[in-house]
Every structure is written in C-alpha cells, then in structure tokens.
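Spelled out from the first residue to the last, the chains are:
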Amino acid sequence: MLYLVATPIGNLEDISLRAIRLLQETDIVACEDTRHARVLFERHGIRPRRLVSYHSHNERSRAAELADDLRGGASVAVVTDAGTPGISDPAWALVREALQLGIDVVPVPGACAAIAALSASGMDTTRFAFEGFLPLKKGRKKRIAGLAAEDRTVVIYESPHRIKRLLGELLEACGPERHIALARELTKHFEEFLRGTIPEVIARLTEKFPESVKGECVIVLEGRSKNEELREYDLVDAVDEDEML
Ligand code: SAM
C-alpha cells in the first residue's frame, strides 16, 4: 500500500487520528523534508519505523527505490511539506509510478491550502477550477487569459514574492470589477483574508507590504459572471427592460 498522508499547512493540530496512526505503523515514511516532518512528529509523539527523504531533486531515483520496497510488500506513507500529497508537489510522480506497478494508492485526507482558501473565500464553490502554480514564462499570458474567461471560480497558488506581479496580470486580464480573495498564512497565527475587487486587494496588500509580501498565499478568483458577459455585449439594459415588462 502507498498511503498519501495529508499533514497540516500551518497549525500542527490539523492532522487526523488515522494519519498519526499510519505514520507509526507503515514500514517507511517518505517525506519531502525530514527536518520539517520531525517538528510535526515531535508534536504528536510519532515515531516512524524508517524515515526517508523524497523531493523534486531525487524523485526519480527515490521513486524507483520506493517502488522496489512496495513490490517487496512494504507499506509506505508519503508526506509532503504541507497539505495533501500530490497537490502541486512532487508526490504525484510517485503515485503514477505506484499505479503503473499495480500498487494500491490510498488517500488519507486532511488539510489542503486550495480547499481551505476556497471554503472561506465567499466565492461560488458549486463549481471551481484548480490552477495550481502558473508557468513562470512560457505560456503564462495565454494561461491567464484563459483564467479570465473561466466561468468557474479559480484557485491559484503563488509564491509571496510573485504575488503582486500576478495580481497586476489578473487586473489587466480580468478588469477592475472582478472580485478575488487572497488567503495568506492559512491556519497560522497571522492568517488573513483580503476580499474585494482586484484593485482593492492590491491597494490593501501594498499598504501592508510596501516592499515584499510575506507569508504563503492562495488566490481565489471569481468566475466570469453572467453579468459581466452581458455587460460586454451591452445587453444588461435590454434584460432589465424585459424584466420590467
Ligand atoms: N500540497 C499542498 C496543499 O495541499 O495545499 C500545496 C503545496 S504547494 C508546493 C505550496 C503552495 O500552497 C504555496 O505556495 C501556497 O500557494 C499554498 N499554501 C501552502 N500552505 C499555505 C498556507 N498556510 N497559507 C496559504 N497558502 C498556502
């Protein structure tokens, strides 16, 4: 079995009882950063049987080794630095490899920054698209244009030092009336949500951080609304008139 064990995205209490048990019972725990994982393990008195590192620089060789262990009948729990393994982190490569070998992959759900941000964003959660990290250069502009035209709510991950640039690009692509929610430092001491139109959020973020933004961020972008589509085709007045008749 390959268990994908979700771990906290900040608050160390955000972990399930099942996750704690499996981290002690599995033969191997593969983690992105062993020092990071040890903080969590100490907090909950977890003593893994064997701890190995698994990250984007050794993912190929380590995935092959872990695949051998799994084939030999070992159970492996994968944890990443934060949140749900496989969501915008190197664990997805291991999942693919395990499935190709016919090994059972079992999710052990818990915290995920995208879902935490979306759930409290105030945006429509009935339909949403997860974008994750945008490409840094090639294809970025086209991807952002696609997001601007998306009807569903969109969830985007971005590093703090690129967040202002991304907000500027979204403003250009979506216009000044589109709403967003910026979730920063989720579940941590300085957790905050900035909600409003894109220019409003930019203004508040810049006021707070005139230089570089601190803390991890998720952006939740309102979908292109019916009103906006109608506005574009100048039909709003016509609809209002219809309703009045
Ligand atoms: N696997 C993780 C998950 O389930 O959310 C995501 C890992 S990805 C490498 C890291 C990104 O997730 C960050 O750049 C940020 O966009 C988002 N993130 C993680 N922790 C966060 C937090 N506490 N507050 C806000 N965003 C967070």
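Everything here concerns the structure above.
Not measured: the values here are computed from a predicted model. (Residues numbered from 1 in each chain as written. Predicted model: local features only at pLDDT ≥ 70, side-chain atom pairs only at ≥ 80, totals over all residues. Heavy atoms only, no water.)

Draft legend 1. Just the nonpolar core, in detail. Formed by 22 residues in total, the largest nonpolar core has its most connected members in Ile156, Leu170, Leu182, Leu205, Ile219 and Leu221. For this core, the secondary-structure elements that each account for two or more residues are helix 6 (140–148), strand 7 (153–158), helix 7 (163–174), strand 8 (179–184), helix 8 (198–208) and strand 10 (217–221). Looking at this core element by element, the count peaks at five residues for helix 7. Those residues in contact with leucine 221 that lie beyond four places of it in its chain are Leu147, Arg152, Thr153, Val154, Leu170, Cys174, Arg178, His179, Ile180 and Ile198. The next biggest cluster of nonpolar side chains, apart from the first, holds 18 residues, and it includes Leu4, Ala30, Val78 and Leu94. (Core = buried A, V, L, I, M, F, W, Y, C linked by side-chain atoms within 4.5 Å. Buried < 20%, exposed > 50% of the residue type's maximum accessible area, 1.4 Å probe, protein only. Helix = DSSP H or I, 4+ residues; strand = E, 2+ residues; numbered from the N terminus. Contact = heavy atoms within 4.5 Å.)

Draft legend 2. Summary view of the sheet that holds strand 2 (residues 28–31). Read across the open sheet, the five strands follow the order 3-2-4-1-5; overall the sheet is parallel. Where the open sheet ends on each side, the last strands, each with one partner, are strand 3 (51–53) and strand 5 (105–108). For this sheet, the mean inter-axis angle between neighbouring strands, taken without regard to orientation, is 25°. Bridging between strand 1 (residues 2–5) and strand 4 (residues 76–79) involves three bridges; their strand directions are parallel. Counted as the bridge partner of tyrosine 3 is alanine 77 from strand 4. Here helix 1 (residues 17–25) sits on the sheet in contact with strand 1, strand 2, strand 4 and strand 5, set at roughly 130° to strand 5. In the packing of helix 4 (residues 91–100) onto the sheet, contacts are made with strand 1, strand 4 and strand 5, and the angle to strand 1 comes to roughly 155°. (Pairing = 2+ DSSP bridges. Axes fitted to C-alpha atoms, helices over the stretch in contact; angles between N-to-C directions.)

Draft legend 3. Structural view of the side chain of threonine 197. Tracing the backbone shows threonine 197 in strand 9 (residues 192–197). Given the relative accessible area of 14%, threonine 197 is considered buried.

Draft legend 4. A look at the environment of histidine 36. Examined against the element boundaries, histidine 36 turns out to sit in helix 2 (residues 34–44). Given the relative accessible area of 41%, histidine 36 is considered partly exposed.

Draft legend 5. Representation of the site of the ligand within the structure. Taken together, 19 residues sit near the ligand, with Thr84, Ile87, Ala113, Tyr157 and Cys217 positioned nearest. Isoleucine 87 places a main-chain nitrogen or oxygen 2.9 Å from a nitrogen atom of the ligand. Within the backbone of alanine 113, one N or O atom sits 2.8 Å away from an oxygen atom of the ligand. Summarising the interface, the protein chains cover 90% of the accessible area of the ligand, which totals 570 Å² for the free molecule. Elements supplying a minimum of two residues to the shell around the ligand: strand 7 and strand 10. Of the residues that constitute the shell around the ligand, the class distribution is 11 nonpolar, three polar and five charged. Formed jointly, the shell around the ligand draws a minimum of three residues from each of two domains, domain 1 (2–108) and domain 2 (113–244). (Near = heavy atom within 4 Å. Polar contact = N/O pair within 3.5 Å; in protein donor to acceptor, adjacent residues only side chain to side chain. Areas by Shrake-Rupley, 256 points an atom, 1.4 Å probe, with all protein chains shown as cover. Nonpolar A, V, L, I, M, F, W, Y, C, P; charged D, E, K, R; others polar. Domains from an automatic or database assignment.)

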